[in-house]
Amino acid sequence: MKVIAPSHLKLMFGSSQPTSRSYPCVQNAQRSDSCGTSRSEWRSTFATLTSKVVTQKTLPMPPVSVGIDHVNGHNRAARVLGMNQKPLSVNDLPPAPMHGGANLRVAYQGVPGAYSEAAACKAYPNYESVPCDQFEVAFQAVELWIADRAVLPIENSLGGSIHRNYDLLLRHCLHIVGEVQLPVHHCLLALPGVRKEFLTCVMSHPQGLAQCERTLTKLGLNVTRKAVENTAVAAEHIAANNLRDTAAIASARAAEIYGLEVLEDGLQDDASNVTRFVMLAREPIVPRTDRPFKTSIVFAHEKGTSVLYKVLSAFAARDISLTKIESRPNHNRPIRLVDDANVGTAKHFEYMFYIDFEASMAETRVQNALSEVRELTSLLRVLGSYPMDMTPWSPSSSTSHTASSKMNHSYGNVNMAKP
């Protein structure tokens, strides 16, 4: 199964250009992480990214008759979600953005059968899938017009934050336009005829292994744990290499796609296992006040804990409820002396602070709070103001999702504004 890899991404600048943002990065103009919107600024930004992710060879223009409905010699019906189709390749896509009613192209990390694919389907039931082998490639796919949206995990109720994607949100200039909360239901998968007692190895994503550790121990399996980049990749690897002593921790859908059997259902240690995904786009959506909204920001300050206290007070004074605060090292200034005049070796780490709060950018109290925060900080960036996922869920509801049911029953819209 081939997915978009860093070496396959090309710089694609057609006739269409990104439009101006309604609330671009609010930050110090002197900083190097400013988000430019002109073609030259975008090209310069992308060119400085790692060469493993972006190359600068422009794709040739495909024939006029070739479109999104006829890539790889297959029509759209042959690529319906849930079938063993070849994932879209960058070479199959025209360099100009596809709009005018065409289905959205949605990038996610992994291969068919991954939980990220299920989240993408829940967010956009009628979508063209663009599997990517790395999180950063999914960001690049949207920035370079290969995909229209990306759906990426940001935190899990058991495993915590996905720190890599927090860092990438700051590094790239995409906007959060929605969120998806997906119940995660793990299964133990193996080739047909394989028995649990003969297993010597279990493969999965590190989070998948961690979320099933106690259950694996209770089953009495004397197996080694092997981490791979994705749960569905583990299932695909076992099937492709006919590994009869190895099992995968992945979804039931992955079992049907790759011809595996479910040896153990509901393998996760906690039934309330939910992953929150964010939906990313090149342009922000217009904030509203007629439904629950969430806003995500990131900021940095020069030094001193009192500044962080003042920033949090700006929200508390306006009765704005914070739902998440995450700190990540500031890569522009990773450490500083305890006292700038001190010639000793004592140092502090410098941090960026990510905050989610339950309010819309359209509200006056939010605008006033952010104006106050801007005065207190050296960098402030709004990552997105977007509808909250209000879809109800139950831990057992995900157990019935199979490949066949997914073909005939979408996960449903997330009850959000269409970004």
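Chemist: Got a minute to help me understand the overall build of the protein in this structure?
Modeler: When you go through the protein residue by residue, the secondary structure sums to eleven helices and 17 strands. Counting the 419 residues in the protein, one finds 53% classified as buried. Pairs at least 24 residues apart make up 79% of the contacts formed inside the protein by residues separated by at least 6 positions. Just so you have it, the protein exposes about 18,300 Å², and 52% of that area is on carbon and sulfur atoms.

Chemist: Hey, could you run me through the environment of A227 in this one?
Modeler: Tracing the backbone shows A227 in strand β8 (residues 224-227). The class for A227 is partly exposed, based on a relative accessible area of 48%. Along the chain, A227 and P206 lie 21 residues apart, while their C-alpha atoms are 5.2 Å from each other. Those residues within four positions of A227 in sequence are excluded, and the remaining contacts are S204, P206 and L209.

Chemist: Teacher, can you tell me more about the sheet that holds strand β9 (residues 246-250) here?
Modeler: The strands that make up a sheet are held in pairs by hydrogen bonds between backbone atoms, and each pair lies either parallel or antiparallel. Taken together, the five strands give an open sheet; going across it, the order is β8-β7-β9-β6-β10, and neighbouring strands pair in mixed fashion. Only two strands of the sheet have a single partner each, and these edge strands are β8 and β10 (261-265). Direction aside, neighbouring strands of the sheet carry axes that sit 30° apart on average. Sheet topology note: the strand β6 (residues 187-190)/β10 ladder contains four bridges and is antiparallel. By the bridge assignment, L188 is partnered in β10 with E264. The strands touched by helix α7 (residues 231-241) are β6, β7 (201-204) and β9; relative to β9, the strand with the most contacts, the crossing angle is about 150°.

Chemist: Please explain the confidence of the model for the protein as it appears in this structure.
Modeler: In regions of low pLDDT, the predicted coordinates are not meant to be interpreted in detail. Looking at the protein, the pLDDT average stands at 74 and 64% of residues meet or exceed 70. When mean pLDDT is compared element by element in the protein, β9 scores highest at 97, while helix α11 (residues 403-408) scores lowest at 35. This stretch, residues 10-101, has a pLDDT under 50; its non-local contacts, to residues over four places away or in other chains, come to 163 contacts. Scored below 50 in pLDDT, residues 396-418 makes 51 contacts in the model with residues more than four places away or belonging to other chains.

Chemist: Got a minute to help me understand the packing of helix α3 (residues 135-143) against helix α4 (residues 163-171) in this structure?
Modeler: The relative placement of two packed helices comes down to the angle between their axes together with the axis-to-axis distance. It is at 10 Å that the axes of α3 and α4 come closest, and there the two elements cross at 30°. Compared by their axis directions, α3 and α4 come out roughly parallel. In this structure, α3 meets α4 at a crossing whose hand is right-handed. On α4, the residues touching F135, E136 and F139 of α3 are R164, N165, L168, L169 and R171. Among the residues making up the contact of α3 with α4, the classes are represented as four nonpolar, one polar and three charged.

Chemist: When you look at the pattern of salt bridges in this model, what are you seeing that I'm missing?
Modeler: Side chains that differ in charge, positive against negative, can pair when their charged atoms come close. Scanning the model with the defined rule gives 18 salt bridges in all. Residues R164 and E136 are paired through a salt bridge, measuring 2.9 Å at the closest nitrogen-oxygen approach. With R164 in helix α4 and E136 in helix α3, the pair connects residues that are 28 residues apart, well separated along the chain. Exposure remark for R164: the relative accessible area of 41% places this residue in the partly exposed category. Residues participating in the shared-partner salt-bridge network are E155, E179, R276, K294, K324, E326 and D356.

Chemist: Would you explain the packing of aromatic side chains in this entry?
Modeler: Aromatic ring pairs are reported here in terms of the distance separating the ring centres and the angle at which the planes meet. Scanning the entire structure with this criterion turns up four aromatic pairs. Judged by centre distance (5.5 Å) and plane angle (25°), the rings of F299 and F353 are stacked. Linking F299 in strand β12 (residues 293-300) with F353 in strand β16 (residues 351-357), this pair joins segments that are 54 residues apart in sequence. Residue class for F299 comes out buried when judged on its relative accessible area of 0%. A relative accessible area of 12% places F353 in the buried class. Between F315 and F357 the ring centres are 5.0 Å apart and the planes differ by 40°, which places this aromatic pair in the tilted class. In this pair, F315 is assigned in helix α9 (residues 305-316) and F357 in strand β16, connecting sequence segments 42 residues apart. The residues F315 and F357 share a single accessibility class, namely buried.

Chemist: I tried to follow helix α10 (residues 364-376) on my own but got confused; where do I start?
Modeler: Because each turn of an α-helix spans 3.6 residues, side chains separated by three or four positions end up pointing in the same direction. Spanning 13 residues, α10 covers 19 Å between terminal C-alpha atoms, matching the ideal 18 Å at 1.5 Å per step. Among the residues of α10, those classed as buried are V366, A369, L370 and V373. In a view along the axis of α10, the buried residues occupy a sector of 95°, so they form one face of it. Facing away from the buried side of α10 by over 90 degrees, the exposed positions are T364 and E375.

Chemist: Can you walk me through the sheet that holds β12 in this structure?
Modeler: With antiparallel pairing, four strands are arranged side by side in an open sheet as β13-β16-β12-β17. Across the chains shown, the open sheet's two edge strands, defined by having one partner strand only, are β13 (322-329) and β17 (379-387). For this sheet, the mean angle separating the axes of adjacent strands, direction not counted, is 15°. The sheet contact formed by β12 and β17 spans eight bridges and is antiparallel. Residue pairing in the sheet places T295 in a bridge with S385 of β17. Most of the contacts of α4 go to β13, to which it runs at about 85°, and overall it touches β12, β13, β16 and β17. Along the sheet face, α10 touches β12, β16 and β17 and points at about 160° away from the line of β17.

Rules and cut-offs
Residues numbered from 1 in each chain as written. Predicted model: local features only at pLDDT ≥ 70, side-chain atom pairs only at ≥ 80, totals over all residues. Heavy atoms only, no water. Helix = DSSP H or I, 4+ residues; strand = E, 2+ residues; numbered from the N terminus. Buried < 20%, exposed > 50% of the residue type's maximum accessible area, 1.4 Å probe, protein only. Contact = heavy atoms within 4.5 Å. Areas by Shrake-Rupley, 256 points an atom, 1.4 Å probe, with all protein chains shown as cover. Pairing = 2+ DSSP bridges. Axes fitted to C-alpha atoms, helices over the stretch in contact; angles between N-to-C directions. pLDDT = per-residue confidence, 0-100. Parallel < 35°, antiparallel > 145°, perpendicular 65-115°, else oblique. Left-handed = near helix turned anticlockwise from the far one by under 90°. Nonpolar A, V, L, I, M, F, W, Y, C, P; charged D, E, K, R; others polar. Salt bridge = Lys/Arg side-chain N within 4 Å of Asp/Glu carboxyl O. Phe/Tyr/Trp six-rings, centres within 6.5 Å; stacked < 30°, edge-to-face > 60°. Expected span 1.5 Å × (residues − 1). Arc of directions from axis to C-beta.

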